[in-house]
Amino acid sequence: MTLKSFFIPVFALLLLLTSTLLIHQNNFYRENYKPFPFATVKKEPFYSFLASISGFRVLVADVLWMDTVQYVGDPVNAGENYKQLYTKARNLITLDPNFTYPYIAVSGILFFSMNEKDKAIELIKYGINNNPGYWQLSLYLAAYTYAKADNIRMVIHNIESAVKQEAHPPMLERILGSMYLKLSKKEPANNKFWTGKAVKLWLEMYEHPSEPENKKYAETHLREAGLLK
């Protein structure tokens, strides 16, 4: 063996080790690399295998999202009532469960265009479990449950969850107050309970308004209830 033929594989090995170390120290790698959760995948399409090898689940999920957008925009797929949409969405969020937009966009199509209400609600609930601090998902769940069965109790529960999150729209507090009043009329036996929750909310909005409109809203209702002069 010549000296040259000996050093070439050694040099290649050193180069590979150096490159690997540099990649692992790179911020881009740390932010995008996540191990693939094989245990959560029932069927492994080719892109799942690709993601598991590369480790770049977030990047592969972005590619899948573009594929989903193109799929929805194809008239042929619309004619077939987007029969592969739910599967595509589940595969995508399995790769990147913190990619929040697919939950909202795909669930909306499932609920309103495809009449797959249960699947839409299931998708949103899955999104909430993976992203409990993303209040928009709770708001969508509130809208879906209300539209499906006029379930005001569930709507209130979901809006209450959304209101607890930072940076929620102040308008949600006003909607919540209106829902308390609506339920107090729908359930006469529990009128005092729901009215009491509404009053507590109005007092909080009046003392600590998240925007001027909320203070005006709370003041109006507190005057009507005889709690302000």
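About the criteria used
- Residues numbered from 1 in each chain as written.
- Predicted model: local features only at pLDDT ≥ 70, side-chain atom pairs only at ≥ 80, totals over all residues.
- Heavy atoms only, no water.
- Helix = DSSP H or I, 4+ residues; strand = E, 2+ residues; numbered from the N terminus.
- Buried < 20%, exposed > 50% of the residue type's maximum accessible area, 1.4 Å probe, protein only.
- Contact = heavy atoms within 4.5 Å.
- Expected span 1.5 Å × (residues − 1).
- Arc of directions from axis to C-beta.
- Salt bridge = Lys/Arg side-chain N within 4 Å of Asp/Glu carboxyl O.
- Axes fitted to C-alpha atoms, helices over the stretch in contact; angles between N-to-C directions.
- Parallel < 35°, antiparallel > 145°, perpendicular 65-115°, else oblique.
- Left-handed = near helix turned anticlockwise from the far one by under 90°.
- Nonpolar A, V, L, I, M, F, W, Y, C, P; charged D, E, K, R; others polar.
- Phe/Tyr/Trp six-rings, centres within 6.5 Å; stacked < 30°, edge-to-face > 60°.

Turning our attention to the side chain of arginine 174. In this fold, arginine 174 is placed in helix H11 (residues 171-186). A relative accessible area of 18% means that arginine 174 is categorised as buried. Look past the residues within four positions of arginine 174 in its chain and what remains in contact with it is Met205, Glu211, Glu213, Asn214 and Tyr217.

A few words now on helix H4 (residues 57-72). Taking 1.5 Å per residue, 16 residues should reach 22 Å; H4 reaches 22 Å between its end C-alpha atoms and fits that length. Of all the positions in H4, only Arg57, Val58, Val60, Ala61, Leu64, Trp65, Thr68 and Tyr71 are classed as buried. Projection of H4 onto a plane perpendicular to its axis shows the buried side chains occupying an angular sector of 150°, all on one side. In this structure, H4 carries Val63 and Gln70 as exposed residues pointing more than 90 degrees from its buried face.

A few words now on the pattern of salt bridges. Applying the stated criterion across every chain yields a total of seven salt bridges. When the shortest N-O distance is used, the salt bridge between lysine 148 and aspartate 118 registers 2.4 Å. In this pair, lysine 148 is assigned in helix H9 (residues 135-149) and aspartate 118 in helix H8 (residues 117-130), connecting sequence segments 30 residues apart. When its relative accessible area of 42% is taken as the criterion, lysine 148 is described as partly exposed. With a closest N to O distance of 2.7 Å, arginine 174 and glutamate 211 form a salt bridge. Within this pair, whereas arginine 174 is found in helix H11, its partner glutamate 211 is found in the loop between helix H12 (191-207) and helix H13 (212-224), the two being separated by 37 residues in sequence.

This next bit is on unusual backbone geometry. Residues other than glycine seldom take positive phi values, yet tyrosine 82 does so here, at roughly 50°. With respect to the helices and strands, the residue tyrosine 82 is situated in the loop between helix H5 (75-79) and helix H6 (85-95). Unusually for a residue other than glycine, asparagine 115 sits at a positive phi of about 60°. By secondary structure assignment, the location of asparagine 115 is in the loop between helix H7 (101-113) and H8.

Relative orientation of the contacting elements H6 and H7 amounts to 165°, with a least axis distance of 11 Å. Overall, the two elements H6 and H7 adopt an arrangement that is roughly antiparallel. In this structure, the crossing between H6 and H7 has a hand that is left-handed. Across the interface between the two elements, Leu85, Tyr86, Ala89, Leu92 and Ile93 from H6 touch Pro102, Tyr103, Val106, Ile109 and Leu110 from H7. The residue inventory of the contact of H6 with H7, partitioned by class, reads ten nonpolar, no polar and no charged.

On to the environment of arginine 153. Along the polypeptide, arginine 153 turns up in helix H10 (residues 152-163). Spatially, the C-alpha atom of arginine 153 lies 9.5 Å from that of alanine 142, the residues being eleven residues apart in sequence. In contact with arginine 153, other than residues within four places in its own chain, are Leu183, Glu187, Asn190 and Trp194.

This part takes up the packing of aromatic side chains. The final tally for this structure, using the stated rule, is ten aromatic pairs. Taking 4.9 Å as the distance between ring centres and 65° as the angle between the ring planes, the aromatic pair formed by phenylalanine 111 and phenylalanine 112 counts as edge-to-face. Here phenylalanine 111 falls in the buried class, since its relative accessible area comes to 3%. Between phenylalanine 193 and tryptophan 194, the aromatic rings sit 4.8 Å apart at their centres with planes inclined by 80°, giving edge-to-face as the arrangement. A residue is classified by how much of its surface remains accessible, and tryptophan 194, at 6% relative accessible area, is buried.

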